[in-house]
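# Structural overview
Letter by letter, the chains look like this.
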Amino acid sequence: MDDQPITPHAVPVFDTEGNLTYTGDDGRRYVVGPLPELDEAQVDQVMQRLLAGQGLFADLESLANQWLGQVCGPDLSRAAALALLLSSLEMALDPADDDGVS
């Protein structure tokens, strides 16, 4: 996996499913996710916040790779550990499970 965050190569656009997407400088299409109706200025604000968070994302990616390196072994494949990590993070960060604390 590349150590550098993917920089948007083209302006973000909404696809036919209403997802905010952009093309990265690696040529791949990235889906940010479904967003409420936004005007162009709001899309720019969202993208600025995403860009501002790149450093934190890089830290998360590094920590996730360290965790994977520590837990993977003959009895736990990298793919299985990654699935466990992602599902655990999704459950831990799901606002539906939040007790009203933000």
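Everything here concerns the structure above.
As a starting point, this report considers the structure included with it. Just so you know, these numbers come straight off a predicted model, no measurement behind them.

Analysis parameters
- Residues numbered from 1 in each chain as written.
- Predicted model: local features only at pLDDT ≥ 70, side-chain atom pairs only at ≥ 80, totals over all residues.
- Heavy atoms only, no water.
- Helix = DSSP H or I, 4+ residues; strand = E, 2+ residues; numbered from the N terminus.
- Buried < 20%, exposed > 50% of the residue type's maximum accessible area, 1.4 Å probe, protein only.
- Contact = heavy atoms within 4.5 Å.
- Areas by Shrake-Rupley, 256 points an atom, 1.4 Å probe, with all protein chains shown as cover.
- Pairing = 2+ DSSP bridges.
- Patch = residues over 30% accessible without salt bridge, like charges linked within 9 Å, V, L, I, M, F, W, Y side chains within 5 Å.
- Salt bridge = Lys/Arg side-chain N within 4 Å of Asp/Glu carboxyl O.
- Core = buried A, V, L, I, M, F, W, Y, C linked by side-chain atoms within 4.5 Å.
- Axes fitted to C-alpha atoms, helices over the stretch in contact; angles between N-to-C directions.
- Parallel < 35°, antiparallel > 145°, perpendicular 65-115°, else oblique.
- Left-handed = near helix turned anticlockwise from the far one by under 90°.

### Let's talk about the overall build of the protein
- Of the regular secondary structure elements, the protein holds three helices and three strands.
- When the elements of the protein are put in sequence order from the N terminus, they spell out β-β-β-α-α-α.
- Here the protein, with 102 residues, has 14% of them falling under the buried criterion.
- Relative to all contacts within the protein whose residues are 6 or more apart in sequence, the contacts with residues 24 or more apart total 18%.
- Surface summary for the protein: the accessible area is close to 8000 Å², and the carbon and sulfur share equals 57%.

### So, the pairing of strand 2 (residues 19-23)
- Here strand 2 lies mainly inside the structure; four of its five residues are buried.
- Of the strand pairs in this sheet, strand 1 (residues 13-14) and strand 2 are connected by two bridges, and their pairing is antiparallel. By the bridge assignment, Phe14 is partnered in strand 2 with Leu20.
- Counting the residues in the hairpin turn of strand 1 and strand 2 gives four residues, including Gly18, whose phi is positive at 85°.

### Things to note about a nonpolar patch on the surface
- Residues Leu82, Leu86, Leu89 and Leu93 make up a contiguous nonpolar surface patch of about 390 Å² in total accessible area.
- With respect to the helices, strands and loops of the structure, Leu82 is situated in helix 3 (residues 78-93).
- With relative accessibility at 37%, the residue Leu82 sits in the partly exposed group.

### A closer look at the nonpolar core
- Of all hydrophobic cores here, the largest spans five residues; its members are Leu20, Tyr22, Val43, Val46 and Met47.
- Looking at this core, the elements with two or more residues in it are strand 2 and helix 1 (40-52).
- Looking at this core, the element that brings in the most residues is helix 1, giving three residues.

### Here's the deal with the environment of Thr21
- Mapped onto the elements, Thr21 comes out in strand 2.
- Taking C-alpha positions, Thr21 is 5.6 Å from Val32, a pair spaced 11 residues apart along the chain.

### Things to note about the environment of Glu40
- Structurally, Glu40 is set in helix 1.
- Here Glu40 falls in the exposed class, since its relative accessible area comes to 65%.
- As for Glu40 and Pro12, which are separated by 28 residues in sequence, their C-alpha atoms are 9.8 Å apart.

### Some details on the packing of helix 2 (residues 54-71) against helix 3
- Between helix 2 and helix 3, whose axes approach to 10 Å, the crossing angle comes to 130°. Between helix 2 and helix 3, the interaxial angle falls into the category oblique. The two elements helix 2 and helix 3 meet at a crossing, and its hand is right-handed. Contacts from Ala64, Asn65, Trp67, Leu68 and Val71 in helix 2 reach Arg78, Ala81, Leu82, Leu84 and Leu85 in helix 3.

In short, shape yes, function no, at least from these values alone.
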